[in-house]
Amino acid sequence: MELRSVEELMDLLYACRGSWDAPGLLRGRVDLHQHALQTAALLRRRRPADKELQVAGLVHAIGPLLRPGDAAAHPAGAADAVRGLLGERVARLVREHHRSGRPADDDLARLRQADEEARAPGVDAGVLEDWRTVLDLVAARNSRLGAVD
Ligand SMILES: [Fe+2]
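Residues numbered from 1 in each chain as written. Predicted model: local features only at pLDDT ≥ 70, side-chain atom pairs only at ≥ 80, totals over all residues. Heavy atoms only, no water.

Colleague: Can you tell me about the side chain of Gln-54, naming the residues and giving the values?
Modeller: Tracing the backbone through its elements, the reader meets Gln-54 in helix α4 (residues 51–59). Take Gln-54: its relative accessible area is 0%, and that puts it in the buried class. Residues within four places of Gln-54 in sequence aside, it is in contact with Ala-40, Leu-43, Arg-44, Arg-47, Pro-48, Ala-49 and Trp-131. (Helix = DSSP H or I, 4+ residues; strand = E, 2+ residues; numbered from the N terminus. Buried < 20%, exposed > 50% of the residue type's maximum accessible area, 1.4 Å probe, protein only. Contact = heavy atoms within 4.5 Å.)

Colleague: Before we move on, can you summarise the packing of helix α3 (residues 32–46) against α4 with the specific residues and values?
Modeller: Relative orientation of the contacting elements α3 and α4 amounts to 165°, with a least axis distance of 7 Å. The orientation of α3 with respect to α4, classified from their angle, is roughly antiparallel. Considering how the two elements wind past one another, α3 and α4 form a crossing that is right-handed. Across the interface between the two elements, Ala-36, Leu-37, Thr-39, Ala-40, Leu-43 and Arg-44 from α3 touch Leu-53, Gln-54, Gly-57 and Leu-58 from α4. Classifying every residue of the contact of α3 with α4 by side-chain character gives 6 nonpolar, 3 polar and 1 charged. (Axes fitted to C-alpha atoms, helices over the stretch in contact; angles between N-to-C directions. Parallel < 35°, antiparallel > 145°, perpendicular 65-115°, else oblique. Left-handed = near helix turned anticlockwise from the far one by under 90°. Nonpolar A, V, L, I, M, F, W, Y, C, P; charged D, E, K, R; others polar.)

Colleague: Could you give an account of the environment of Pro-121, with specific residues and numbers?
Modeller: Counting through the fold element by element, Pro-121 comes out in the loop between α8 (106–117) and α9 (132–148). Taking the relative accessible area as the measure of exposure, Pro-121 reaches 43% and is therefore partly exposed. Each C-alpha atom, one on Pro-121 and one on Arg-29, is 6.0 Å from the other, the two residues being 92 residues apart in sequence.

Colleague: Talk me through the environment of Ile-62; I want residue IDs and the actual numbers.
Modeller: With respect to the secondary-structure elements, Ile-62 resides in the loop between α4 and α5 (63–66). With a relative accessible area of 0%, Ile-62 lands in the buried category. With 33 residues separating them along the chain, Ile-62 and Arg-29 place their C-alpha atoms 17 Å apart. Dropping the residues within four chain positions of it, Ile-62 is found in contact with Leu-3, Leu-9, Leu-12, Leu-13, Cys-16, Ala-78, Ala-81 and Val-82.

Everything listed here is a matter of geometry and, on its own, says nothing about what the molecule does.
Listed below in structure tokens is the structure:
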């Protein structure tokens, strides 16, 4: 499944409310929606200029909604869904964030660290609406780049 608009992506992220279908999330007692917001917020604090990295953090956990039950396919499913909209770099970060072994680069290491930390109940990580303009920006930049080819 490929997402065609920021609106569709926002809908999917809202649908993550009350979904817990990922390893470790029950332990932290945050649902996928909260997990996504916390991951993105941590990356925004650490890499304020890197919107693509923040957005990768926001969307990395949509896999369980796209392919329920098939945990091994979650990262690839999420990557395929966002590639056309948000670009190859975001897709690659999402696809590789769960790979075992040493992260291939600093961005992956940062995403993975934020992913692990973003499971704390009671943290105020803002609301999804705060991310709409950032998603619009990354999508617009990606569609301009795509148009050059
Ligand atoms: Fe995660």
